[in-house]
Amino acid sequence: MSHPIIALWSHPRSMSTAFERIMRARGDLTCLHEPFMYDYYINRSTRQMPHFDAMDEHPKSYDAIRAMILAKAEDGPVFFKDMSYYVVPHLLADEEFFDRVTHSFLVRDPHASILSYAKLDPDMLLEEIGLEAQWRHAEAVMTRTGNSPIVVRSEAVQADPEGQMARYWDAVGLVHAPQALHWDDPAPADWQQVQGWHGEVMASSTIRPITPEQVARVRADFDGLVARNPRFGLYLEHHMPFYEQLLRYAA
């Protein structure tokens, strides 16, 4: 029997790992952490991903990762979070797998995500900001299904975790599980391969709200980042229209 496969397609530093932590805490899903990262950074990227300690036993090609996900879905429902830029254009040409997956998207203000990204990986490429690929991916969802994409804002989850997650679970066909908004179990074992990216959420036990003061500080710090390195301003300029398009579909 085949069970649902739900994917959260994100971009780096979008709060997606905290979102994944909630989904893991439900206890009724097999959860995978960025499985297609292996294909992108081992087979396709022009550079090595920092803070990535690849596991030998993990499948490394698109086809092998796809097969792993499908096999797990024979045993029960699967949730994975990943990046659209890892799989575009491969996934868009793979109609069978594309149609097998329930697609959803998480976005964060790129001022905040680029600023956070630059602290961990100042050499990231334009493509790795990720929002353009997300929009191309969301367009494909609309074309193939005729429906609006499921888009969630990370800031909205921070402001109202219970309400936003309830809407998300409705949208992807899952029962409500408000107990999953708090966790006290150890960080998942498969996060160790990229623990340098996720120290804060590995040490947390819930979603933390964002304050207006934090928002203002992000904008000021981003301006300082661009003053030191104008390349990040060009990255923002390129990706902002795709972010704004995705926001049109956010609840």
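Everything quoted here is computed from the prediction, not taken from an experiment.

Side note on the overall build of the protein
And step 1. The helix and strand inventory of the protein stands at 13 helices and 5 strands.
And step 2. Over its C-alpha trace the protein gives a radius of gyration of 17 Å, about what one expects of a compact globule, namely 18 Å for 251 residues.
And step 3. Each principal axis of the C-alpha atoms in the protein carries an extent, and together these give about 55 × 40 × 40 Å.
And step 4. Taking the intrachain contacts of the protein between residues at least 6 apart in sequence as the baseline, contacts between residues at least 24 apart amount to 81%.
And step 5. With the model as given, the accessible surface of the protein reaches about 11300 Å², and the carbon-plus-sulfur share is 52%.
And step 6. For the protein, the centre of its 23 positive side-chain charges and the centre of its 35 negative side-chain charges are spaced 3 Å apart.

Focus: the packing of helix α8 (residues 131–145) against helix α13 (residues 231–247)
And step 1. In contact at an axis separation of 8 Å, α8 and α13 are set at 35° when each is read in the N-to-C sense. Note on packing geometry: the crossing formed by α8 with α13 is left-handed. Of the residues in α13, those in contact with Leu-131, Glu-132, Gln-134, Trp-135, Arg-136 and Ala-138 of α8 are His-238, His-239, Phe-242, Tyr-243, Gln-245 and Leu-246.
And step 2. Looking at the contact of α8 with α13, its residues break down into 6 nonpolar, 4 polar and 2 charged.

Conventions we followed
Residues numbered from 1 in each chain as written. Predicted model: local features only at pLDDT ≥ 70, side-chain atom pairs only at ≥ 80, totals over all residues. Heavy atoms only, no water. Helix = DSSP H or I, 4+ residues; strand = E, 2+ residues; numbered from the N terminus. Rg over C-alpha atoms; globule rule 2.2 N^0.38 Å. Contact = heavy atoms within 4.5 Å. Areas by Shrake-Rupley, 256 points an atom, 1.4 Å probe, with all protein chains shown as cover. Lys, Arg positive; Asp, Glu negative; His and termini not counted. Charge placed at Lys NZ, Arg CZ, Asp CG, Glu CD. Axes fitted to C-alpha atoms, helices over the stretch in contact; angles between N-to-C directions. Left-handed = near helix turned anticlockwise from the far one by under 90°. Nonpolar A, V, L, I, M, F, W, Y, C, P; charged D, E, K, R; others polar.

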